[in-house]
Amino acid sequence: MSLHVIVGAGPVGSATARLLASRGEEVLLLSRSGGGPAVDGVRLIAADATDAATLARHAEGAVALYSCGGPAYHRWAADWPPLGAALLRAAETSGVPLVTTGNLYAYGAVDGPITEQQPMRPNSVKGEVRAKLWADALAAHEAGRIRTADVRGSDYLGAGALSSFTALVLPKVLAGKRASAPADLDAPHSWTHVGDVARTLVAVAADERAWGRPWHVPTAPAMSLRRLAERAADLAGAPAARVTIMPGLVLRLGGFFNPMAREMVEMEYQLRRPFVLDSSAATAAFGIEPTPTDEALRETIDGLREPATPR
């Protein structure tokens, strides 16, 4: 039995903890609240992830330190830098590989499928944050101070997943109401299953040849938001989905009252045009096939219908 230390008890951290526990591994799941899944083999610990000494102490002797959490969406610019720095210091002090859950923000607007070779050209504040986090981690890796890799997915599906679709569209669809989203409803869009993020994190952590670079989570073929809503309605036995385009002005006005809506404004470009993830490299390297979209949708729907897990 080997020890794995996970920071963050949200959808990805919880999925990773469950996966490792199912394989008979020992898991420490650290979060500010001390919450998370009640699963045999998983110890839930309340900890401040910006405290590098505490992280290093818990990570000592572990297979890997998994970064699966993060600040509130509207606090990224202020809160990610100290958190990222603490994770790097903990990895350096403990000598444990750091495997981070990233995303696609740092690429900016890309024409065509997004690959790992795409340069970092962020066009948003949050994209700049992600780009700097990876640049710092990669520099430390190349200097021999740490060992690290970045695992990147697109918008999430799965239990507890939070995205434009799960926040704005799916609850309305399940209730038989009209939904709207600031999107080209028919543009192809990639949706990544949180369970596949967990599988990729664990595979990367176990293979030292995978360190020192980003990996895209194996992700099912792209599907438009309209089609995703239609499939969700079918699978849930709900009335036919009705989805309309939300004008950008509506989202901006909503930002005056809702921090989440305000933060979505600069990321609108991902929904207003094709946004397709190329994840072929990870599938070839680790043999991970993506979860079918219908299966991911069923899990997402079930998660919305169940009480939330404490974070």
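### Comments concerning the overall build of the chain
A tally of regular secondary structure across the chain gives 11 helices and 11 strands. Taken against the 2.2 N^0.38 rule, which gives 19 Å for 311 residues, the C-alpha radius of gyration of the chain at 19 Å falls within 12% of a compact globule. Taken along the three principal axes of its C-alpha coordinates, the chain extends 50 × 40 × 40 Å. A separation of at least 24 residues holds for 74% of the contacts in the chain among residues at least 6 apart in sequence. Of the roughly 13,300 Å² of accessible surface on the chain, 53% is carried by carbon and sulfur atoms. Separation between the mean location of the 31 positive side-chain charges and that of the 32 negative ones in the chain comes to 5 Å.

### Considering the pattern of salt bridges
In this structure the tally under the stated criterion is 16 salt bridges. Measuring nitrogen to oxygen at the nearest pair gives 3.5 Å for the salt bridge that ties Asp48 to Arg32. Taken together, the positions of Asp48 in the loop between strand 3 (42–46) and helix 2 (52–59) and Arg32 in the loop between strand 2 (26–31) and strand 3 put the pair 16 residues apart, joining distant regions of the chain. Of the charged contacts in the structure, one is a salt bridge between Glu268 and Arg272, with a shortest N-O distance of 2.7 Å. What makes Arg272 partly exposed here is its relative accessible area of 32%. Residues participating in the shared-partner salt-bridge network are Arg231, Asp234 and Asp294.

### Quick look at the nonpolar core
Formed by 33 residues in total, the largest nonpolar core has its most connected members in Ile6, Val12, Tyr66, Val99, Leu201, Val204 and Phe286. Considering each element in turn, this core owes the most residues, 7 residues, to helix 6 (residues 194–205).

### Digging into the packing of aromatic side chains
Applying the stated criterion to the full structure yields 5 aromatic pairs. Between Tyr73 and Trp76, the ring centres sit 5.5 Å apart and the planes meet at 80 degrees, which makes this aromatic pair edge-to-face. Comparing Tyr73 with Trp76 shows no difference in burial state: the two are buried. An aromatic cluster of three or more residues is present, and its members are Tyr73, Trp76, Trp80 and Tyr105. Taking NZ or CZ as reference, Arg213 lies 3.6 Å from the ring centre of Trp215, over its face.

### Re helix 3 (residues 76–94)
An ideal rise of 1.5 Å per residue puts 27 Å on 19 residues; helix 3 measures up with 26 Å between its terminal C-alpha atoms. Buried residues of helix 3: Trp76, Trp80, Leu83, Gly84, Ala86, Leu87, Leu88, Ala90, Ala91 and Ser94, and no others. Check the buried side of helix 3 and you find it contacts strand 1 (3–7), helix 2, strand 4 (65–67), strand 5 (98–102) and helix 4 (125–142). Within two residues after helix 3, Gly95 carries a phi angle of roughly 75 degrees, on the positive side.

### Considerations on the environment of Ala9
By secondary structure assignment, the location of Ala9 is in the loop between strand 1 and helix 1 (11–22). Separated by 28 residues in sequence, Ala9 and Pro37 have C-alpha atoms that sit 7.9 Å apart.

### Concerning the environment of Ser164
Note that Ser164 resides in helix 5 (residues 164–174). Along the backbone, Ser164 and Gly212 are 48 residues apart, and their C-alpha atoms lie at a distance of 31 Å. Once residues lying within four places of it in the same chain are set aside, the contact partners of Ser164 are Val169, Met264 and Leu271.

### Some remarks on the pairing of strand 5
Within strand 5, 5 of the 5 residues are buried, which leaves the element mostly enclosed by the surrounding structure. The alternating pattern of strand 5 places Leu98, Thr100 and Gly102 and Val99 and Thr101 on opposite faces, both of which are buried. Across 3 bridges, strand 4 lies against strand 5 in parallel orientation. Bridging from a neighbouring strand, Ser67 pairs with Thr100 of strand 5. In this view, the connection linking strand 4 to its parallel neighbour strand 5 by way of helix 3 has right-handed handedness. Of the strand pairs in this sheet, strand 5 and strand 6 (residues 148–152) are connected by 5 bridges, and their pairing is parallel. Counterpart to Thr101 in the pairing with strand 6 is Val151.

Rules used in this analysis
- Residues numbered from 1 in each chain as written.
- Predicted model: local features only at pLDDT ≥ 70, side-chain atom pairs only at ≥ 80, totals over all residues.
- Heavy atoms only, no water.
- Helix = DSSP H or I, 4+ residues; strand = E, 2+ residues; numbered from the N terminus.
- Rg over C-alpha atoms; globule rule 2.2 N^0.38 Å.
- Contact = heavy atoms within 4.5 Å.
- Areas by Shrake-Rupley, 256 points an atom, 1.4 Å probe, with all protein chains shown as cover.
- Lys, Arg positive; Asp, Glu negative; His and termini not counted.
- Charge placed at Lys NZ, Arg CZ, Asp CG, Glu CD.
- Salt bridge = Lys/Arg side-chain N within 4 Å of Asp/Glu carboxyl O.
- Buried < 20%, exposed > 50% of the residue type's maximum accessible area, 1.4 Å probe, protein only.
- Core = buried A, V, L, I, M, F, W, Y, C linked by side-chain atoms within 4.5 Å.
- Phe/Tyr/Trp six-rings, centres within 6.5 Å; stacked < 30°, edge-to-face > 60°.
- Lys NZ or Arg CZ within 6 Å of the ring centre and 35° of its normal.
- Expected span 1.5 Å × (residues − 1).
- Pairing = 2+ DSSP bridges.
- Right-handed = clockwise from strand over helix to strand, strands pointing away.

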